[in-house]
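Tertiary structure, described
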Amino acid sequence: QVHLVESGGGLVQAGGSLRLSCAVSGRTFSDPSLGIDAMGWFRQAPGKEREFVAAITWSGGDSYYADSVKGRFTIWRDGAENMGYLQMNGLKPEDTAVYFCGTTSWRGSRYYSVAEFYGYWGQGTQVTVSS
């Protein structure tokens, strides 16, 4: 069982920054048979589908980004502390959404941007960007 808790959301003006955190608990990281391959961040605005934002492989630290956030967002992880992070700079009103972190055991970049391949999710944290 993996438990994820996001934090760091809030209200910010356009052009501002926020840092989201995702705390991971459970025995998944210490059990190679149940190890996490990647952590991802997704977002969902009212009435919209859950949208891929960024992902990172837990062991190698390879990162992947949606085109809409490249150059503005940075994902990283601290495996020793079981923490994932998403630094969001240059925020735009269209970034407004509930942001979720999740983990997937599927290995391969083709899976990382697809929400259906993620087995565990946090509760979400609201990010609101005003004009």
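Everything discussed here concerns the structure shown above.
Residues numbered from 1 in each chain as written. Predicted model: local features only at pLDDT ≥ 70, side-chain atom pairs only at ≥ 80, totals over all residues. Heavy atoms only, no water.

Take the state of the cysteines next. What the rule picks out here adds up to 1 disulfide. The disulfide partner of Cys22 is Cys101, and the S-S distance across this bridge is 2.1 Å. Its S-S torsion of approximately 65° makes the covalent link between Cys22 and Cys101 right-handed. Of the two residues, Cys22 sits in strand β3 (residues 18–26) while Cys101 sits in strand β9 (residues 97–104), which places them 79 residues apart along the sequence. (Disulfide = S-S within 2.5 Å. Helix = DSSP H or I, 4+ residues; strand = E, 2+ residues; numbered from the N terminus.)

One recurring pattern in soluble globular proteins: nonpolar side chains tend to sit buried together. Grouped together as the largest cluster of nonpolar side chains are 33 residues, with contacts concentrated most on Trp41, Val53, Phe73, Leu86, Met88 and Tyr99. Among the elements that make up this core, the one with the highest residue count is strand β5 (residues 51–57) (5 residues). Excluding anything up to four places from it in sequence, Phe73 contacts Arg43, Val53, Tyr65, Leu86, Gln87, Met88, Asn89, Leu91, Asp95 and Tyr99. (Core = buried A, V, L, I, M, F, W, Y, C linked by side-chain atoms within 4.5 Å. Buried < 20%, exposed > 50% of the residue type's maximum accessible area, 1.4 Å probe, protein only. Contact = heavy atoms within 4.5 Å.)

Next up on the list: unusual backbone geometry. Even without being glycine, Asn82 reaches a positive phi, approximately 55°. By the secondary structure assignment, Asn82 is in the loop between β7 (73–78) and β8 (83–88).

On inspection of all chains with the given rule, the structure shows 9 aromatic pairs. For the pair Phe42 and Tyr118, a centre-to-centre distance of 5.0 Å together with 80° between the ring planes defines the contact as edge-to-face. Linking Phe42 in strand β4 (residues 38–44) with Tyr118 in the loop between α1 (109–112) and β10 (120–121), this pair joins segments that are 76 residues apart in sequence. Ring-pair connections join several aromatic residues into one group, and the members of that group are Phe42, Phe52, Tyr118 and Trp121. In this arrangement the basic side chain of Arg50 is found over the ring face of Phe100, its NZ or CZ atom lying 3.9 Å from the centre. Positioned over the ring face of Trp121 is Arg50, at 4.7 Å from the centre of the ring. (Phe/Tyr/Trp six-rings, centres within 6.5 Å; stacked < 30°, edge-to-face > 60°. Lys NZ or Arg CZ within 6 Å of the ring centre and 35° of its normal.)

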